[in-house]
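# Structural characterization, general
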Amino acid sequence: MQIQLIAVGSRMPDWVEQGYAEYAKRLPQECSLVLQEVAAGKRGKNADLARLMRQEGKKMAAAIPKGARVVALEVKGRAWTTEQLAKRLEAWMGEGRDVALLVGGPEGIEPSLSGQAEERWSLSPLTLPHPLVRIVVAEQLYRAWSIIKGHPYHR
């Protein structure tokens, strides 16, 4: 199974790329994590935000692997403990399908794309900076995998 982290935004600061890469490389082939960046539309004073969201949504939809389980990361999604995430990860691995985790732009995920998600996951009721979300997701997936495998990292 491959996990695709499909995120709006590119050209992240070095600390984001390094943090994400550190945890992504720790994950084994059986649940590898691959980042796919979708370019964010230019937001200015008079930007048509609805149009930008639609464009970003189309790009995100095109990046989803065929047959993948789609999970939208949204503030209004279901909050999971790390142990619950480990159970979800184990179930996803058992399905044998790829997983697409969607991280929207500043306004969130385009509503019609969000509506296609099989699950909605909230990392926190707080609004997190989008660059930080990449690191948190990678670390939590690694932590969940370590729980599944009985690795001491979780302690």
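Figured I'd write up the structure that's included with this text. Here the residue numbers are simple positions, counted from 1 along each chain's written sequence. Per-residue local features of the predicted model are confined to residues with pLDDT of at least 70, and side-chain atom pairs are confined, for both listing and counting, to 80 or more; whole-chain, interface and lining totals are unaffected and use all residues. Hydrogens are left out, water is left out, and the side-chain values use all remaining heavy atoms of the structure.

## Focus: the pattern of salt bridges
Pairing is possible between side chains of opposite charge, provided their charged atoms come close. A carboxyl oxygen of Asp or Glu within 4 Å of a side-chain nitrogen of Lys or Arg is what we treat as a salt bridge. Evaluated as defined, the whole model comprises 14 salt bridges. One salt bridge in this structure joins Arg97 and Glu95, with 3.8 Å as the shortest N-O distance. Only protein chains enter the accessibility calculation, which uses a 1.4 Å probe. A residue is then buried if its area is under 20% of the maximum for its type, exposed if over 50%, and partly exposed in between. When its relative accessible area of 25% is taken as the criterion, Arg97 is described as partly exposed. On the basis of relative accessibility, which here comes to 36%, the residue Glu95 falls in the partly exposed class. Across the salt bridge formed by Glu118 and Arg97, the nearest N and O atoms sit 2.6 Å from each other. Of this pair, Glu118 sits in the loop between α4 (111-115) and β5 (119-122) while Arg97 is found in the loop between α3 (82-95) and β4 (99-103), placing the two residues 21 residues apart along the sequence. Residues joined in a network through salt bridges with shared partners are Arg69, Arg88, Glu95, Arg97, Glu118 and Glu119. Working definition: helices are DSSP H or I runs of at least four residues, strands are E runs of at least two. Numbering for both runs from the N terminus.

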